[in-house]
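# An overview of the molecular structure
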Amino acid sequence: MTPLSAAGKDSVIRAFWDTSGCNFSWGRIPIGLCDFDDEAAPYSLDDSSGDYQMKYFSLHRDSTKRIPLIKMAQAYQPSLRFFGSPWSPPGWMKSNSTYHGGNMKSDSATLTAYALYLEKFVQGYKDAGINVDAVCCQNEPDQTFQSYPTCGWSDTLERTFYSKYFVPRFRKDNISARIMLGVFCCGNYADWVPFCMSDTVVCQLHGLFKPFV
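Residues numbered from 1 in each chain as written. Predicted model: local features only at pLDDT ≥ 70, side-chain atom pairs only at ≥ 80, totals over all residues. Heavy atoms only, no water.

### Digging into a nonpolar patch on the surface
Spelled out, the test is: Note that patches include only residues with greater than 30% relative accessible area and no salt bridge, and the join distances are 9 Å for like charges and 5 Å for nonpolar side chains (Val, Leu, Ile, Met, Phe, Trp, Tyr). Only the protein chains shown count as cover for residues, with accessible areas throughout obtained via the Shrake-Rupley method and a probe of 1.4 Å. Any Lys or Arg side-chain nitrogen found within 4 Å of a carboxyl oxygen on Asp or Glu counts as a salt bridge. The secondary structure listing takes helices from DSSP runs of H or I that are at least 4 residues long and strands from runs of E that are at least 2 residues long, numbered from the N terminus. Type-normalised accessible area, obtained with a 1.4 Å probe on protein chains alone, sets the label of each residue: buried when under 20%, exposed when over 50%, and partly exposed for intermediate values.
Taken together, Leu4, Val12, Phe16 and Phe24 make up a surface patch of nonpolar side chains, about 350 Å² in accessible area. Structurally, the position occupied by Phe24 is in the loop between helix H1 (6-17) and strand E1 (26-30). When its relative accessible area of 39% is taken as the criterion, Phe24 is described as partly exposed.

So this is what it looks like as structure tokens:
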């Protein structure tokens, strides 16, 4: 695949974000790889197996690829807002130790590390001058057999993660990003969302679930 020239990149960015184009006001930032990344070089923001303290967390790849494109978009749309979602956590946090398929591990050490991973994403982008308004734990949590990066979560595991790890972590460190339940598009979530929101910690702590527009 031939990379776009500088002029080509600018043309695409303007088509999405400029008032002469679609003039979108929101953008989604993948946390690690997504289905449009180079499948020959899958990655997360911490591929050091067992790094529960996130000592090797890094936005280096984002700093050379995604962040420059986001800055170009911000030049056309200064009020542009963002939410972040992962297609897959680091492979070592999953039952099959890879990016495609498998399920999120449910042990406390892994869930604690994953909450920190998401926090460091928000903080790292803020340090780069990009405010992430909201973040979720998983893109399409019931899609585990696709040809792109995925990770399975049950509604019970997601509620446990949000209640005992994700929300408390953001509250403790005063992270301003709001927390979303997820990005759902392929299943019936009529029961999923009320089940997760029935937890008092999930729906009440620190106003993290207030609607945003």
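### Concerning the sheet that holds E1
How we decide: Any two strands between which DSSP finds at least two bridges are classified as paired.
Within the open sheet, the 4 strands sit side by side as E1-E2-E3-E4. Their pairing is parallel. On the outer flanks of this sheet lie E1 and strand E4 (178-179), each paired with one strand and no other. Taken together, the 2 bridges between strand E3 (residues 132-135) and E4 define a ladder with parallel strand orientation. Paired with Ala134 across the two strands is Arg178, which belongs to E4.

### So, the side chain of Thr144
In this structure, Thr144 sits in the loop between E3 and helix H5 (155-172). Relative accessible area serves as the criterion here: at 15%, Thr144 is assigned to the buried category.

### Overview of the confidence of the model for the chain
The predicted structure's coordinates, where accompanied by low pLDDT, should not be read in detail. Stated precisely, the cut-off is as follows: Along the chain, pLDDT gives the predictor's confidence residue by residue, from 0 to 100. Contacts were defined at the residue level, with two residues in contact if any of their heavy atoms lie within 4.5 Å.
Summing up the model confidence of the chain, the mean pLDDT is 89 and the portion of residues at 70 or higher is 92%. When mean pLDDT is taken per element in the chain, helix H4 (residues 108-127) scores highest with 98 and helix H7 (residues 200-204) scores lowest with 79. Contacts from residues 206-213, a stretch scored under 50 in pLDDT, to residues over four places away or in other chains number 24 contacts.

### Describing the pattern of salt bridges
Throughout the structure, instances matching the rule amount to 6 salt bridges. The partner of Arg14 in a salt bridge is Asp10, and the shortest N-O contact between them spans 2.9 Å. Taken as a pair, Arg14 and Asp10 lie in helix H1 at a separation of 4 residues, close to a single helical turn. Judged by its relative accessible area of 24%, Asp10 falls in the partly exposed class.

### Focus on the packing of aromatic side chains
The condition that has to hold: Between rings of Phe, Tyr and Trp, where Trp is taken as its six-membered ring, a pair exists when centres lie within 6.5 Å; planes separated by under 30 degrees are stacked, by over 60 edge-to-face, and by other angles tilted.
Taken as a whole and assessed by the stated rule, the structure comprises 15 aromatic pairs. Between the aromatic rings of Tyr52 and Trp92, the centroid separation amounts to 5.5 Å while the plane-to-plane angle is 90 degrees, which identifies the pairing as edge-to-face. Here Trp92 lies in the loop between strand E2 (81-85) and H4 and Tyr52 lies in the loop between E1 and helix H2 (60-64), a separation of 40 residues in the sequence. Residue classification places Tyr52 among the partly exposed residues on the basis of a relative accessible area of 35%. Considering the side-chain rings of Phe166 and Phe170, the 5.0 Å spacing of their centres and the 85 degrees angle between planes classify their relative orientation as edge-to-face. With Phe166 and Phe170 both in helix H5 and 4 residues apart, the pair spans about one turn of that helix. Under the relative-accessibility criterion, Phe166 is labelled buried at 0%. Residue class for Phe170 comes out buried when judged on its relative accessible area of 0%. Grouped by ring-pair contacts, the aromatic residues Phe57, Tyr114, Tyr117, Trp153, Phe161, Tyr162, Tyr165, Phe166 and Phe170 constitute a single cluster.

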